[in-house]
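Architecture at a glance
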Protein chains: 2
Amino acid sequence: MTATFIPDWTEKAPKEGSFRSIFKYGAPNKFKHPSHGWYKMLKDDFALTDADFTTKHAEGLEQVSLEKLKHPQTLPSLYPTQITTLKTIVGEDNIALDDYSRVKYAYGKTAEEMMELRIAIVREVPDAVVHPRNKLEVQKIVEYCNQEKIPLYLFGGGSSVTLGCRPGPRRGITLVMATHMNKLLSINETNQTATVQAGMLGSAYEECLNKRNYSGGHFPQSFECATVGGWVVTLGSGQASTYYGDAYDLVLSQEYVTPVGTFRTLDYPATATGPKVNDIMKGSEGTYGVLVEVTMKIFRSSPANHRRFSFMFPSWEAAVDSSREVMQAGIGRPAIFRISDPEETDRGLKLYGIPSFLDKFMQWKGLLPMKRCLCLGSAEGEADFNQLLKSKIKKIARQHGALYLSEYPTKKWEKTRYQEPYMREDLGDYGIVIDTLEAAVTWDNLHKLHQGVRTFIKSRARTMCMTHASHFYPQGTNLYFIFITPMSDPEEYRKFQRGIIESIHQHGGSLSHHHGIGRMLAPWSEKHLGKEQMAILRTLKQHFDPNNIMNPGVFYEL
Amino acid sequence: MTATFIPDWTEKAPKEGSFRSIFKYGAPNKFKHPSHGWYKMLKDDFALTDADFTTKHAEGLEQVSLEKLKHPQTLPSLYPTQITTLKTIVGEDNIALDDYSRVKYAYGKTAEEMMELRIAIVREVPDAVVHPRNKLEVQKIVEYCNQEKIPLYLFGGGSSVTLGCRPGPRRGITLVMATHMNKLLSINETNQTATVQAGMLGSAYEECLNKRNYSGGHFPQSFECATVGGWVVTLGSGQASTYYGDAYDLVLSQEYVTPVGTFRTLDYPATATGPKVNDIMKGSEGTYGVLVEVTMKIFRSSPANHRRFSFMFPSWEAAVDSSREVMQAGIGRPAIFRISDPEETDRGLKLYGIPSFLDKFMQWKGLLPMKRCLCLGSAEGEADFNQLLKSKIKKIARQHGALYLSEYPTKKWEKTRYQEPYMREDLGDYGIVIDTLEAAVTWDNLHKLHQGVRTFIKSRARTMCMTHASHFYPQGTNLYFIFITPMSDPEEYRKFQRGIIESIHQHGGSLSHHHGIGRMLAPWSEKHLGKEQMAILRTLKQHFDPNNIMNPGVFYEL
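Residues numbered from 1 in each chain as written. Chains lettered and ligands numbered in written order. Predicted model: local features only at pLDDT ≥ 70, side-chain atom pairs only at ≥ 80, totals over all residues. Heavy atoms only, no water.

On to the overall build of chain A, then. On a plain count of helices and strands, chain A comes out with 22 helices and 18 strands. Compactness check: chain A gives a C-alpha radius of gyration of 24 Å against a globular reference of 24 Å for 558 residues, within 12% of the reference. Its C-alpha atoms give chain A principal-axis dimensions of about 75 × 60 × 45 Å. Counting the 558 residues in chain A, one finds 64% classified as buried. Of the contacts formed within chain A by residues at least 6 apart in sequence, a portion of 77% connects residues at least 24 apart. A total accessible area of about 20000 Å² is found for chain A, and carbon and sulfur atoms account for 53% of it. (Helix = DSSP H or I, 4+ residues; strand = E, 2+ residues; numbered from the N terminus. Rg over C-alpha atoms; globule rule 2.2 N^0.38 Å. Buried < 20%, exposed > 50% of the residue type's maximum accessible area, 1.4 Å probe, protein only. Contact = heavy atoms within 4.5 Å. Areas by Shrake-Rupley, 256 points an atom, 1.4 Å probe, with all protein chains shown as cover.)

Shown next as structure tokens:
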């Protein structure tokens, strides 16, 4: 065997206070490097050599200092008396004015933010970062900010991929919900609900529930670093949403602090008492008020009962048709259910190192490279229900020409599913960007959307585009586009990425299936929803927030 | 055998133009009389004799004439030029000014309305009744009424039990949606959706779908005389909602004509693009605008696969606990699922004539009168799924002490389920009122609500109170209270019935699970929802309808 070159992937937690410590995904000491397969694929596809992986650039190792940057948007705009008042509300220790905190809590996890932080470009930052300890403090802060017309931004777990954590040009203060307001308040076993503070991290929430043999049923890729409140206000979806429901479906009631008052929606499993305020508030992304508590539906947890399955389909069309049949057949719903398009499937097989005999067998069965499509899934209800559902799904898949591939691929995927984003930094160190965009679509428009957006992405030279559908409904699904290309100039990136968004819009996809709108998609809100629907949402915004202090610029363009 | 006295139940369609033709339920020539069992029970419970059933009173046989009534609310308030303009919009034939039409289209199906019409008390009526032929005409009418500030009321199928068809004191015109705008526009088999005009009757809609082997999955008791649009704007639930979902869940997208514009919500199975306008509009009860078209989710229909079941539980607590287990066990959901409380069960057994050997057997098994509770249900998905679900439900029921009673009771119930309301007139002819109220509730408050409301109803002498739960969720269910008592004075009735509503409110039930708010529950809207939530809905009302012309007085008190 010849010695194989391995790039010097970073294995050290970023220095405290550095730009890198802000944009690094997940836990500071956790890493997941590209495998040999990945590395080979990157070189092959992008015509790179080992030499291109010898020097890291723009690692963002410098210490954050706003003075040095002299960006006008970083000059503080609050009066000292205002800071003093905020201190009396939350206590000295819970307000931060230092440069690092101001930058850290202004950033989410878009590729754009990472690229800019690498080269010390800092956009809007809050004047002060405030960590409220309880509901009452949130009320006092909102009241005071409303009175003083100080803009108020919200930071949950910081996993936003829509520039949802970035302040607007008027700046103001950022409320960090996860520091103190992160407790599971109660579990109601009779109603199967859990009442939780909005700032609790999803993984901590799930862990608490698991101890009582329950599950929240919500497993987004950002599981380790998104909050329960964040799920609700951005309308997130977990990877098992096909069975458990999206965040929208999981909420029984909520409590909001808004500039015009605090209220809790009512606890009913269903009502016919006019438009449902409980639903109106979901997806408001902090623009109507601050979600402080939420009562979520929970589920009995029985991981031992889960039944996994995986298939290889002869074509994307067959995988789609089979999935549609599964969703419309009246057999119940799988929890995890994913189909990968040919490019994603092919790259996946290369990366996970498929044995050549299996590849040959698949080809012999007519499952050809760049045609075949992988499907992963699991059934997560009661044991016999899972068994039956799995057998029905197998039958449907076979009717669509699929080869059953055992439980193994799904198990393998489950093990690493939250770690994929950790590769971002390694790729970025060598000037390669990996990012995603996603949309919802009805079945009858799926192929048009897939082909249209793919064509746009692939029209750029040296660009991978992997697509999967992972959240299923009887009426349609989502498409999740992953694109990878050598690029490190933020301007060039923005142009390309905004072009993909426009392509999604043009081909009839929704602007987002589960990432929300934030500041990034706000310029499309009105053309997507139409002026009448946008006017309805603006009216609600004006109702809750007459002084436009709540997350101004998110969802509604300034 | 001795000859049994049978009251002279009416078997003749009411005369055209009579009050009775307005308040009679359902088809004019269709009747369902109280059985011998019913008749005996009424006499026993209310200490009546055959003699009390020899003379009918207040049958409402008179011809409707507003002049004779001289009620100030019946004097027309529109200018002749306004009528002329409306005629140019819809054509001479599609506007009615006669007394009969004005009364007919001002009435729903509350017991209160029936009692009053029997004695020729007429409340508010519209000045004109308009039958729009299409969307464009609705647009022109709304625009014109908004310009002239003419109140606009909506009449779907007229099955409202919340005074939802009654105009307000300012009167105006009533739009009848079912006359022309009653077509199934298209079926999309790929997406499993049907696009339908709002005025199509539910039974006609289901019939059209059945021809293509689909079902709408929505079977309210008012199936024969409620419209699809009515389901959506009042948030109705069908008797199989536990599986198929409530009307709220069944809507993919909608088109509304409002005073501030016409718009169609987007067709996506899910989105994360801010608060969902598609959901904001549901339940607006005509107060925001006119629903003209709706795209509904549909289901494959396979009645041959349905698996019915029924049980007798030893107690209400056991029936409730078993139902909760069914909903929380992760085994899928039954379609029809109903549990009757002891009084409803006992009366049901008497009415349906349970064989005495079976009664003895049940008692021997510990299923005692005024303790035991009946459960009916069906599974309506794919055949094997149904089989498994039924077997799981049987197992759970047995663990809660239930006796399995075969498919028969459910089959029998299904056959007559839409006919129960036909008895109203027969009872009313002899001064007996039968009516219902309903509420949603979480599991942990079910017994308090049931006992509290029952105690209130039973505190009135000679009053039957039968309760069932019939729409189930993992977090709770609904309670449906049926009350029967000798009463024919509308004032006395109103006081009693409003007392029950107040009792529901006091005991923590929702104001309505699936009947909506209308004009009847509007006085409770604010105390139920709280002022902050009411303010949100008022803001939306003000947005859509700045001149308060859309169904003024419905939901929002005048």
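A word on the nonpolar core. Counting residues in each nonpolar core, the largest one holds 176 residues, and the members touching the most others are A:Tyr205, A:Met296, B:Tyr205 and B:Met296. Ignoring sequence-local partners within four residues, the contact set of B:Tyr205 consists of B:Leu184, B:Ala194, B:Val196, B:Met200, B:Gly216, B:Val228, B:Trp231, B:Met296, B:Lys297 and B:Ile298. (Core = buried A, V, L, I, M, F, W, Y, C linked by side-chain atoms within 4.5 Å.)

Quick look at the environment of B:Asp45 now. All names here are of chain B. Relative to the assigned elements, Asp 45 resides in helix α2 (residues 36-46). Taking relative accessible area as the criterion, Asp 45 reaches 32% and is therefore assigned partly exposed. When the C-alpha positions of Asp 45 and Glu 16 are compared, they lie 35 Å apart, and in sequence the two are 29 residues distant. When sequence neighbours within four positions are dropped, the list of residues in contact with Asp 45 reads Arg 347, Arg 462 and Met 464.

What follows is about the pattern of salt bridges. Inspection of every chain in the model, using the stated rule, returns 80 salt bridges over all chains. For B:Glu325, the salt bridge identified is with A:Arg300, shortest N-O distance 2.9 Å. One end of the pair, B:Glu325, is in helix α13 (residues 316-328); the other, A:Arg300, is in strand β11 (residues 299-300), on a second chain. Assessed through its relative accessible area of 24%, B:Glu325 is described here as partly exposed. Note that B:Lys411 and B:Glu407 form a salt bridge whose closest N and O atoms lie 3.9 Å from each other. (Salt bridge = Lys/Arg side-chain N within 4 Å of Asp/Glu carboxyl O.)

With that out of the way, let us pick up the interface of chain B and chain A. Contacts between the two partners involve 83 residues from chain B, matched on the other side by 84 residues from chain A. Between chain B and chain A, the buried area comes to about 6500 Å², and carbon and sulfur atoms account for 62% of it. Summed over the shared surface of chain B and chain A, the number is 6 salt bridges. A salt bridge links A:Lys392 to B:Asp384; the shortest N-O distance between them is 2.5 Å. At the boundary of chain B and chain A, one finds 37 residue pairs in polar contact (both at pLDDT 80 or more). Mapped by element, the contributors of at least two residues to the side of chain B that touches chain A are β9 (261-264), α12 (277-281), α13, α16 (383-399), β16 (432-442), β18 (476-486), α21 (522-529) and α22 (531-544) of chain B. With 9 residues, the top contributor of residues to the side of chain B that touches chain A is α22(B). (Buried area = accessible area lost by both parts, 1.4 Å probe. Polar contact = N/O pair within 3.5 Å; in protein donor to acceptor, adjacent residues only side chain to side chain.)

This paragraph deals with helix α17 (residues 408-416) of chain B. Inspection of α17(B) places B:Thr410, B:Trp413, B:Glu414 and B:Thr416 among the buried residues, and these make up the whole buried set. Where the residues of α17(B) are buried, they touch β12 (307-313), β13 (337-340), α14 (342-352) and β14 (373-379) of chain B.

Once that is clear, we can look at the pairing of strand β13 (residues 337-340) of chain A. Residue and element names in this part refer to chain A. Residues Phe 337 and Ile 339 point to one face of β13 and Arg 338 and Ser 340 to the other, with burial holding for every one of them. Two strands pair when backbone bridges link them, and β13 and strand β14 (residues 373-379) are joined in this way by 3 bridges, in the antiparallel orientation. Counterpart to Ile 339 in the pairing with β14 is Cys 375. Pairing analysis gives 2 bridges linking β13 to strand β17 (residues 464-469), with the strands arranged antiparallel. Bridge assignment links Ile 339 to a residue of β17, and that residue is Ala 469. (Pairing = 2+ DSSP bridges.)

The next point concerns the confidence of the model for chain A. Per-residue confidence for chain A gives a mean pLDDT of 95; residues scoring 70 or more make up 98%. Scored as a whole, the predicted complex attains pTM 0.97, and scored at its interfaces, ipTM 0.96. (pLDDT = per-residue confidence, 0-100.)

What follows is about the sheet that holds strand β12 (residues 307-313) of chain A. All names here are of chain A. Ordered by their spatial adjacency, 7 strands build an open sheet running β15-β12-β14-β13-β17-β18-β16, and the pairing between neighbours is antiparallel. Here the strands that pair on one side only, and so sit at the sheet edges, are β15 (403-404) and β16 (432-442). Docked against the sheet, helix α19 (residues 446-458) engages β16, β17 and β18 (476-486), running at close to 10° with respect to β18. (Axes fitted to C-alpha atoms, helices over the stretch in contact; angles between N-to-C directions.)

All right, on to the pairing of β16(A) then. Residues and elements named next belong to chain A. Taking burial as the measure, the 11 residues of β16 include 11 buried ones, the bulk of the element. Of the two faces of β16, the one carrying Ile 432, Ile 434, Thr 436, Glu 438, Ala 440 and Thr 442 and the one carrying Val 433, Asp 435, Leu 437, Ala 439 and Val 441 are both buried. Bridge count between β16 and β18: 11 bridges; the pairing is antiparallel. The residue of β18 that forms the bridge with Ala 440 is Asn 478.

With that settled, consider the relation of the copies chain B and chain A. Expressed as a screw transformation, the operator carrying chain B onto chain A has a rotation angle of 180° and an axial translation of 0.0 Å, and the superposed copies differ by an RMSD of 0.0 Å. Accordingly, the operation relating the two chain copies is best matched by a two-fold axis. Take the interface residues of chain B: 100% of them recur as interface residues in chain A, which is what a same-surface contact looks like. (Least-squares fit on C-alpha atoms with pLDDT ≥ 70 in both.)

Moving on, we get to the packing of aromatic side chains. Applying the stated criterion across every chain, the model contains 57 aromatic pairs over all chains. Consider the rings of A:Phe309 and A:Phe311, whose centres lie 5.8 Å apart with planes at 40°: the pair is tilted. Ring geometry for B:Phe456 against B:Phe496: centres 6.2 Å apart, planes inclined by 15°, an arrangement best described as stacked. Linking B:Phe456 in helix α19 (residues 446-458) with B:Phe496 in helix α20 (residues 490-506), this pair joins segments that are 40 residues apart in sequence. Its relative accessible area of 29% is what places B:Phe456 among the partly exposed residues. (Phe/Tyr/Trp six-rings, centres within 6.5 Å; stacked < 30°, edge-to-face > 60°.)

Turning our attention to the side chain of A:Ser241. Residue and element names in this part refer to chain A. The residue Ser 241 is located in helix α10 (residues 241-244) in this model. Here the side chain of Ser 241 touches Asp 246 through a polar contact of 3.4 Å, side chain to side chain. Beyond its immediate sequence surroundings of up to four residues, Ser 241 is in contact with Asp 246, Ala 335 and His 471.

This part takes up the sheet that holds strand β4 (residues 173-176) of chain B. Strand pairing in a sheet is mediated by backbone hydrogen bonds. Such pairs are either parallel or antiparallel. All names here are of chain B. One open sheet holds the 4 strands; their spatial order is β1-β2-β4-β3, and the pairing between them is mixed. Both outer strands of the open sheet, β1 (95-96) and β3 (152-155), are each paired with one neighbouring strand and no more. For β1 and strand β2 (residues 128-130), the ladder comprises 2 bridges, and the chain directions are antiparallel. Directly across from Ala 96, in β2, lies its bridge partner Val 129.

Time to look at unusual backbone geometry. Of note in the backbone geometry, A:Asn551 takes a positive phi value of approximately 50° without being a glycine. For A:Asn551, the position within the fold is in the segment after α22 (531-544). The phi torsion at B:Leu163 lies on the positive side, around 55°, for a residue other than glycine. Secondary-structure assignment places B:Leu163 in the loop between β3 and β4. What makes B:Leu163 buried here is its relative accessible area of 5%.

Residues and elements named next belong to chain B. Their axes nearest at 11 Å, the elements α20 and α21 cross at an angle of 10°. Taken as axis vectors, α20 and α21 run roughly parallel relative to one another. Contacts between α20 and α21 involve Arg 498, Ile 501, Glu 502 and His 505 from the former and Trp 524, Lys 527 and His 528 from the latter. Looking at the contact of α20 with α21 residue by residue, the class counts come to 2 nonpolar, 2 polar and 3 charged. (Parallel < 35°, antiparallel > 145°, perpendicular 65-115°, else oblique. Nonpolar A, V, L, I, M, F, W, Y, C, P; charged D, E, K, R; others polar.)

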